[in-house]
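Spelled out, the chains give:
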Amino acid sequence: MTRRFVIVGTDTGVGKTIFSAGLVQALGATYWKPVQAGLDEETDSQTVARLSGAPQERILPEAWRLRLPASPHIAARAEGVEIDAARLAPPDVAGPLVIETAGGVMVPLTDNILTIDVLALWRLPVILVARTRLGTINHSLLTIEALRHRDIAIHGVAFVGEEERAAQDTIVRIGEVKALGRLPRLPVLSKESLRAAFDAAFSRTDFE
């Protein structure tokens, strides 16, 4: 069965782009970042291409590229444009597809449309990427509750960071979600080191 996953984070900077790169590499998947806010540094699509080794034809162009590193609705307003949610329909591709959202699920895309509104329309399984640092229990459970309130399927949670077993177990138990694994912070981040760490942390059968 061809799988399509939406990668969401509990917050900005939790590691979902690195996880996405690892998953793209493991599945030989196509990657799509619908909205990129912030163009001064390496974009998420460029990061995934570099760390996954995926050919350019499997890194799809963003629907919206916005210069300001801010919430998409603020970044769009700064350029005098408004994001058209109709242009955010998941692309039809052959093989697995990994879609990465911008920020957390409650991030606004427009003044009236949140990221979670689009996820509810897509009806695709979500993988939640959560950091293991202090505060992750609250952020993770709030995100899980918001997704469940919209009847959005949660495929599982992927942790990023040093092991915090008590916090991880609490999220899995109270959130009633599957723990997919934990990707440690890598001192040297490269295509090779990410492949090794991802293969050690996650089972590919969990994504089939």
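Whatever comes next refers back to the structure up there.
The following paragraphs examine the structure supplied in this document. (Residues numbered from 1 in each chain as written. Predicted model: local features only at pLDDT ≥ 70, side-chain atom pairs only at ≥ 80, totals over all residues. Heavy atoms only, no water.)

### Observations regarding unusual backbone geometry
Okay, so step 1: Despite not being glycine, Asp151 shows a phi value in the positive range, around 60°.
Okay, so step 2: Topologically, Asp151 is positioned in the loop between α5 (136-149) and β7 (154-160).
Okay, so step 3: A relative accessible area of 60% places Asp151 in the exposed class.
Okay, so step 4: For Glu176, which is not a glycine, the phi torsion comes out positive at approximately 50°.
Okay, so step 5: Residue classification places Glu176 among the exposed positions, given a relative accessible area of 63%. (Helix = DSSP H or I, 4+ residues; strand = E, 2+ residues; numbered from the N terminus. Buried < 20%, exposed > 50% of the residue type's maximum accessible area, 1.4 Å probe, protein only.)

### Some remarks on helix α7 (residues 191-201)
Okay, so step 1: When we look at burial in α7, the residues that qualify are Leu194, Ala197 and Phe198. Along the axis of α7, the buried positions cluster into a sector of 100°, meaning they face one direction only. What points out from α7, more than 90 degrees from its buried face, is the exposed set Glu192 and Ala200.
Okay, so step 2: Turning to α7, the residues buried within the fold contact α1 (16-27), α2 (44-52) and β8 (179-183). (Arc of directions from axis to C-beta. Contact = heavy atoms within 4.5 Å.)

### Here we look at the side chain of Ser45
Okay, so step 1: As for its placement among the helices and strands, Ser45 is situated in helix α2.
Okay, so step 2: We classify Ser45 as buried; its relative accessible area is 6%.
Okay, so step 3: Ignoring anything within four residues of it in the chain, the contact list for Ser45 reads Tyr31, Lys33, Ile59, Leu60 and Glu62.

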